[in-house]
Amino acid sequence: MATIRSGVSTLGTLVFLAAGCSASGPAEHAPASAGACVSTVTRDALPTWARAGFSHDGSGVPHVFSEHGDIIAVLFNYPPVASADPDVTNKILWVSRLPQQPMRPLTIEAVLHGTTTSVVREIAGGAGPSSVNLPEAGCWHLTLSWSGHNDAITLSFT
C-alpha cells in the first residue's frame with residue numbers, strides 16, 4: 001500500500017489508485033464499462049502545494065493523486081477520452097510536490113490493463129499543462145518519471 005506524505009494526509013485526502021482499491025472521502029468512479037479499472041477522482045480542495053494558478057483552493061476540480069502522493073493529475077476533461085485521432089486530447093495539469101529540474105521532461109509510460117498495448121508520451125518541460133491522448137478506451141496504468149522522481153497513476157479512459 002502506498003504511503004501518502006503528511007502534507008496530503010493533513011488535508012484528509014487519501015486516494016489509492018489501483019484496480020479494486022477504494023478511497024476515503026468523496027470520490028467518483030469511472031463508468032462500469034471501463035472494466036476492472038476504478039479511477040478514483042476527488043473534487044476536494046487541492047493541497048496548498050498544488051494551487052498555483054488557481055484563484056481559489058481548487059475545490060470542484062477533478063484531480064487524482066499518484067500512488068505515492070508526489071504528483072497530482074488535475075483533469076480538465078473528465079473522464080478522459082481515448083482516441084487514435086491526434087486532434088482529440090485530454091487537458092491534464094500535472095503538479096509535482098517534489099522539486100523539478102528546469103526543462104526535464106515528464107515521461108508517461110502507459111500500459112492498457114490486460115493487454116500488451118503500451119505507449120509512451122513525453123511532456124516537454126516536465127510537470128505542468130499537457131494534452132494526453134491514449135489510443136484505446138480502458139484502464140491505463142501510467143508510470144510517471146520526471147526530474148529523477150517516479151510515481152504512478154491508474155486512470156480509466158472512456
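Data block above holds the structure.
The written sequence of each chain sets the order in which its residues are numbered from 1. Only residues with pLDDT of 70 or above have their local features reported here, since the model is predicted, and side-chain atom pairs are shown and tallied only from 80 upward, although totals for entire chains, interfaces and linings are computed over all residues. Calculated side-chain values reflect all of the structure's heavy atoms, with hydrogen atoms and water omitted.

Q: Summarise the pairing of strand β3 (residues 90-96); cite the residues concerned and give the values.
A: Counting buried positions along β3 yields 6 of 7 residues, so the element is predominantly enclosed. Here strand β2 (residues 71-75) pairs with β3 via 5 bridges, running antiparallel. Within β3, the position partnered with Ile71 by the bridge is Ser96. At least two bridges found by DSSP between two strands are what make those strands a pair. Numbering of helices and strands starts at the N terminus; helices are DSSP runs of H or I of at least 4 residues and strands are runs of E of at least 2. Here β3 runs beside strand β6 (residues 129-132); their pairing, made up of 4 bridges, is antiparallel. By the bridge assignment, Ile92 is partnered in β6 with Ser130. The buried label goes to any residue with under 20% of its type's maximum accessible area, the exposed label to any with over 50%, and the partly exposed label to all in between, with areas taken from a 1.4 Å probe on protein chains only.

Q: Report on the sheet that holds β2, specifying residues and quantitative values.
A: On the basis of which strands lie adjacent, the open sheet formed by 4 strands has the order β1-β2-β3-β6 and antiparallel pairing. The open sheet has two edge strands, β1 (63-65) and β6, and neither has a second partner. In this sheet, adjacent strand axes meet at a mean angle of 30 degrees when their direction is disregarded. Bridging between β1 and β2 involves 3 bridges; their strand directions are antiparallel. Within β2, the position partnered with His63 by the bridge is Val74. Only the stretch in contact is used when fitting a helix axis, every axis being a line fitted to C-alpha atoms; angles between N-to-C directions are given from 0 to 180 degrees.

Q: Give me the sheet that holds strand β8 (residues 149-157): which residues, what numbers.
A: Read from one edge of the open sheet, 4 strands run β5-β4-β7-β8, paired in antiparallel fashion. Edge positions in the sheet fall to β5 (118-123) and β8, since each of these pairs with one other strand and no more. Taking the axes of each pair of neighbouring strands and ignoring which way they run, one obtains an average angle of 20 degrees across the sheet. Where strand β7 (residues 138-146) lies against β8, 9 bridges are found, and the strand directions are antiparallel. Bridge pairing in β8 links Leu144 to Asp151.

Q: An account of the nonpolar core is needed here, citing residue identities and associated values.
A: Side-chain atoms within 4.5 Å are what join buried Ala, Val, Leu, Ile, Met, Phe, Trp, Tyr and Cys residues into a set we call a nonpolar core. Counting residues in each nonpolar core, the largest one holds 25 residues, and the members touching the most others are Trp94, Leu106, Ile108, Leu134, Trp140, Leu142 and Leu144. Breaking this core down by element, the ones donating at least two residues are β2, β3, β4 (106-112), β5, β7 and β8. Residue contacts for Leu106: discarding those within four places in its chain leaves Ile71, Trp94, Arg121, Glu122, Ile123, Gly126, Ala127, Leu144, Ser145 and Trp146. By the convention used here, residues are in contact when the closest approach between their heavy atoms is within 4.5 Å.

Q: I'd like to hear about the pattern of salt bridges, residue by residue, with values.
A: Salt bridge, as used here, is a side-chain nitrogen of Lys or Arg placed within 4 Å of a carboxyl oxygen of Asp or Glu. Inspection of every chain in the model, using the stated rule, returns 1 salt bridge. Here Asp70 makes a salt bridge to Arg97, at a shortest N to O gap of 2.5 Å. One end of the pair, Asp70, is in the loop between β1 and β2; the other, Arg97, is in the loop between β3 and β4, and 27 residues separate them in sequence.

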